[in-house]
Amino acid sequence: MKKLIQTAVVGIGVAAASMVLAQPASAASFSWNVGDGIVSYDDGADRICADAYTGEGSRWVEVVLVPVNGGGPSHTWRDYSTSGDPTCRSLATAYEDTYYRATVKTYWGERGTTVNRGSKYFYS
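So, here is what we can say about the structure in this document. (Residues numbered from 1 in each chain as written. Predicted model: local features only at pLDDT ≥ 70, side-chain atom pairs only at ≥ 80, totals over all residues. Heavy atoms only, no water.)

### Notes on the overall build of the protein chain
Now for step 1: Looking only at helices and strands, one finds 1 helix and 8 strands in the protein chain.
Now for step 2: Secondary structure elements of the protein chain, listed N to C terminal, follow the sequence α-β-β-β-β-β-β-β-β.
Now for step 3: Within the span of the protein chain, comprising 124 residues, buried residues form 29% of the whole.
Now for step 4: In the protein chain, once contacts between residues fewer than 6 apart in sequence are set aside, the share between residues at least 24 apart is 53%.
Now for step 5: With an accessible surface of roughly 7400 Å², the protein chain has 55% of that area assigned to carbon and sulfur atoms. (Helix = DSSP H or I, 4+ residues; strand = E, 2+ residues; numbered from the N terminus. Buried < 20%, exposed > 50% of the residue type's maximum accessible area, 1.4 Å probe, protein only. Contact = heavy atoms within 4.5 Å. Areas by Shrake-Rupley, 256 points an atom, 1.4 Å probe, with all protein chains shown as cover.)

### Quick word on the state of the cysteines
Now for step 1: According to the stated counting rule, one finds 1 disulfide in the structure shown.
Now for step 2: Across the disulfide, Cys-49 is cross-linked to Cys-88 (sulfur-sulfur distance 2.0 Å). Where Cys-49 bonds to Cys-88 through sulfur, the torsion about that S-S bond is close to 105°, and the disulfide is right-handed. Remark: Cys-88 occurs in strand β6 (residues 87-90) and Cys-49 occurs in strand β3 (residues 47-52); sequence separation between them is 39 residues.
Now for step 3: According to the relative accessible area criterion, Cys-49 is buried, its value standing at 7%. (Disulfide = S-S within 2.5 Å.)

### Points about the packing of aromatic side chains
Now for step 1: Tallied over the entire structure, the rule returns 7 aromatic pairs.
Now for step 2: Centroid distance Tyr-99 to Tyr-123: 4.6 Å. Interplanar angle 40°. Geometry classified as tilted. Here Tyr-123 lies in strand β8 (residues 113-123) and Tyr-99 lies in strand β7 (residues 99-108), a separation of 24 residues in the sequence.
Now for step 3: Note on Tyr-99: relative accessible area 27%, which makes it partly exposed.
Now for step 4: Taking relative accessible area as the criterion, Tyr-123 reaches 28% and is therefore assigned partly exposed.
Now for step 5: Plain terms: the ring middles of Tyr-100 and Phe-122 are 5.7 Å apart, the flat faces sit at 20° to each other, and that makes the pair stacked. (Phe/Tyr/Trp six-rings, centres within 6.5 Å; stacked < 30°, edge-to-face > 60°.)

### Observations regarding the sheet that holds β7
Now for step 1: Judged by pairing direction, the sheet is antiparallel, and its 4 strands sit side by side in the order β5-β4-β7-β8 without closing on themselves. Of all strands in the sheet, those bounded by a partner on one side alone are β5 (75-80) and β8. Geometrically, the sheet is characterised by an average inter-axis angle of 15° between neighbouring strands, direction not taken into account.
Now for step 2: Judged from the 6 bridges that link them, strand β4 (residues 59-67) and β5 form a sheet pairing that is antiparallel. The residue of β5 that forms the bridge with Glu-62 is Arg-78. (Pairing = 2+ DSSP bridges. Axes fitted to C-alpha atoms, helices over the stretch in contact; angles between N-to-C directions.)

### A look at the sheet that holds β6
Now for step 1: If you walk across this open sheet you meet the 4 strands as β1-β2-β3-β6, and the pairing is antiparallel. For this open sheet the edge positions go to β1 (30-33) and β6, each flanked by a neighbour on one side alone. The mean angle between the axes of side-by-side strands here comes to 15°, regardless of whether they run parallel or antiparallel.
Now for step 2: In this structure, β3 lies alongside β6, joined through 4 bridges in antiparallel fashion. From the neighbouring strand, Ile-48 faces β6, where its bridge partner is Arg-89.

So yeah, pure geometry; function would need other evidence.
Put into structure tokens, the structure is as follows:
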């Protein structure tokens with residue numbers, strides 16, 4: 001029984017270590033609800049978009065996008081609720097697996113204030 005427990009503990013340790021060490025720096029698409037709209041990244045299209053919600057007054061979503069490890073373009077833009085379609089920026093010229101920080105703030109006219117929504121980190 002003691003030998004079986006030792007074998008199980010060693011097996012779990014090896015499995016955990018291999019999972020930690022084998023994590024590639026891969027990109028993943030996401031959709032982030034930022035309160036007054038959505039910020040999304042499409043890894044297959046190398047495109048990040050901001051989409052302010054329409055209705056219930058004027059809104060905008062602002063994104064400040066910078067490469068953390070210096071391998072791609074920086075962008076700052078706003079999407080307004082009156083635009084109808086998301087406003088997007090291409091990351092096609094970024095090096096593969098560039099690590100990005102997207103910092104977002106939003107505005108809603110009925111609230112009358114700008115809200116800092118924080119940052120999201122991702123790989124392109």
